[in-house]
Amino acid sequence: MSLLRVLGRPMLASMFVAGGLDSVRNPQNVAPVAESVVKPVTDRVAVLPDRTEDAVRLSGAVQVVGGLLLATGRLSRPAALAVAVTLVPTTLAAHRFWEEEDPGQRMQQRIHFLKNLSMLGGLLIAADDTGAAPSLLWRSRHAAHDLRRDAHLVRRSVRAGAGPAAAAGRVRAKLSC
């Protein structure tokens, strides 16, 4: 694994581990802000908890576990996707810069919104990163290519050997008559 991955993954994950722990321990701190996003989501997704504090706690737990997996490089691609899924509603709930009246607050919320957007981009890149190992799609395409090449070589070998074998068979048949 490259040095960039060894250093970059824990750096990206650190914010989610810290923020997730805070959400698990103190969901009441962010529940009022999260209410506007949690209710519409829980109405559409039946498996999510109805109480906002429970949904915040669940999101925090996903961030902690996903962040730790991402930081350690274990199941980092699914972990990055899981954390990315929790980041979208978090960003939409906490950083509604378009609703702020005060220009200073609007600017601060916009900065936080864009920061979360950039972290989402980093998570999507991490979710696509195969760690320098070929992806399953790449390996399957190359395996199919290798099989086609081998079949072509076998067909050429059979054709090349069939001509002399047929000639030898004809000579043998004439000699035995």
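Everything discussed here concerns the structure shown above.
First things first, this report covers the structure right here in the doc.

1. Quick word on the overall build of the protein chain
For step 1, the next point in the chain: When helices and strands are tallied, the protein chain shows 6 helices and 0 strands.
For step 2, the next point in the chain: Listed N to C, the secondary structure of the protein chain is α-α-α-α-α-α in terms of helices and strands.
For step 3, the next point in the chain: For 177 residues, the compact-globule formula gives about 16 Å, and the C-alpha radius of gyration of the protein chain, at 29 Å, lies well above that figure.
For step 4, the next point in the chain: Counting all 177 residues of the protein chain, 24% fall into the buried class.
For step 5, the next point in the chain: Entry remark: accessible area of the protein chain is about 12,000 Å², with carbon and sulfur atoms responsible for 65%.
For step 6, the next point in the chain: The average position of the 23 basic charges and that of the 14 acidic charges among the side chains of the protein chain differ by 24 Å.

2. Notes on helix 3 (residues 52-72)
Note on helix geometry: an α-helix contains 3.6 residues per turn, so any two residues three or four positions apart are oriented the same way.
For step 1, the next point in the chain: In this model, helix 3 (21 residues) spans 30 Å end to end at C-alpha, consistent with the 30 Å of a helix rising 1.5 Å per residue.
For step 2, the next point in the chain: Among the residues of helix 3, T52, A55, V56, S59, G60, Q63, V64, G66, G67 and L70 are the ones counted as buried.
For step 3, the next point in the chain: For helix 3, the elements touching its buried residues are helix 1 (3-25), helix 2 (31-44), helix 4 (76-94) and helix 5 (103-128).
For step 4, the next point in the chain: At the exit of helix 3 stands G73, carrying a positive phi of roughly 80 degrees.

3. Side note on a nonpolar patch on the surface
For step 1, the next point in the chain: On the surface, L3, V6, L7 and M11 cluster together to form a nonpolar patch covering roughly 430 Å² of accessible area.
For step 2, the next point in the chain: Secondary-structure assignment places L3 in helix 1.
For step 3, the next point in the chain: L3 sits in the exposed class, given a relative accessible area of 63%.

4. Focus on the pattern of salt bridges
For step 1, the next point in the chain: Tallied over the full model, the rule gives 8 salt bridges.
For step 2, the next point in the chain: Residue D129 pairs with R5 through a salt bridge whose shortest N-O separation is 2.7 Å. Here D129, found in the loop between helix 5 and helix 6 (136-175), pairs with R5, found in helix 1; they are 124 residues apart in sequence, far enough to count as distant.
For step 3, the next point in the chain: With relative accessibility at 18%, the residue D129 sits in the buried group.
For step 4, the next point in the chain: One salt bridge in this structure joins E53 and R51, with 3.2 Å as the shortest N-O distance.
For step 5, the next point in the chain: Taking relative accessible area as the criterion, E53 reaches 27% and is therefore assigned partly exposed.

5. Digging into the packing of helix 1 against helix 3
For step 1, the next point in the chain: With their axes 7 Å apart at the nearest point, helix 1 and helix 3 run at an angle of 155 degrees to one another. Between helix 1 and helix 3, the crossing angle belongs to the class labelled roughly antiparallel. Judged by the twist between their axes, the crossing of helix 1 over helix 3 is left-handed. From helix 1, R9, P10, L12, A13, F16, V17, G19, G20, L21, S23 and V24 reach across to helix 3, where they touch V56, R57, G60, A61, Q63, V64, G67, L68, L70 and A71.
For step 2, the next point in the chain: The class makeup of the residues in the contact of helix 1 with helix 3 is 13 nonpolar, 6 polar and 2 charged.

Rules and cut-offs
- Residues numbered from 1 in each chain as written.
- Predicted model: local features only at pLDDT ≥ 70, side-chain atom pairs only at ≥ 80, totals over all residues.
- Heavy atoms only, no water.
- Helix = DSSP H or I, 4+ residues; strand = E, 2+ residues; numbered from the N terminus.
- Rg over C-alpha atoms; globule rule 2.2 N^0.38 Å.
- Buried < 20%, exposed > 50% of the residue type's maximum accessible area, 1.4 Å probe, protein only.
- Areas by Shrake-Rupley, 256 points an atom, 1.4 Å probe, with all protein chains shown as cover.
- Lys, Arg positive; Asp, Glu negative; His and termini not counted.
- Charge placed at Lys NZ, Arg CZ, Asp CG, Glu CD.
- Expected span 1.5 Å × (residues − 1).
- Contact = heavy atoms within 4.5 Å.
- Patch = residues over 30% accessible without salt bridge, like charges linked within 9 Å, V, L, I, M, F, W, Y side chains within 5 Å.
- Salt bridge = Lys/Arg side-chain N within 4 Å of Asp/Glu carboxyl O.
- Axes fitted to C-alpha atoms, helices over the stretch in contact; angles between N-to-C directions.
- Parallel < 35°, antiparallel > 145°, perpendicular 65-115°, else oblique.
- Left-handed = near helix turned anticlockwise from the far one by under 90°.
- Nonpolar A, V, L, I, M, F, W, Y, C, P; charged D, E, K, R; others polar.

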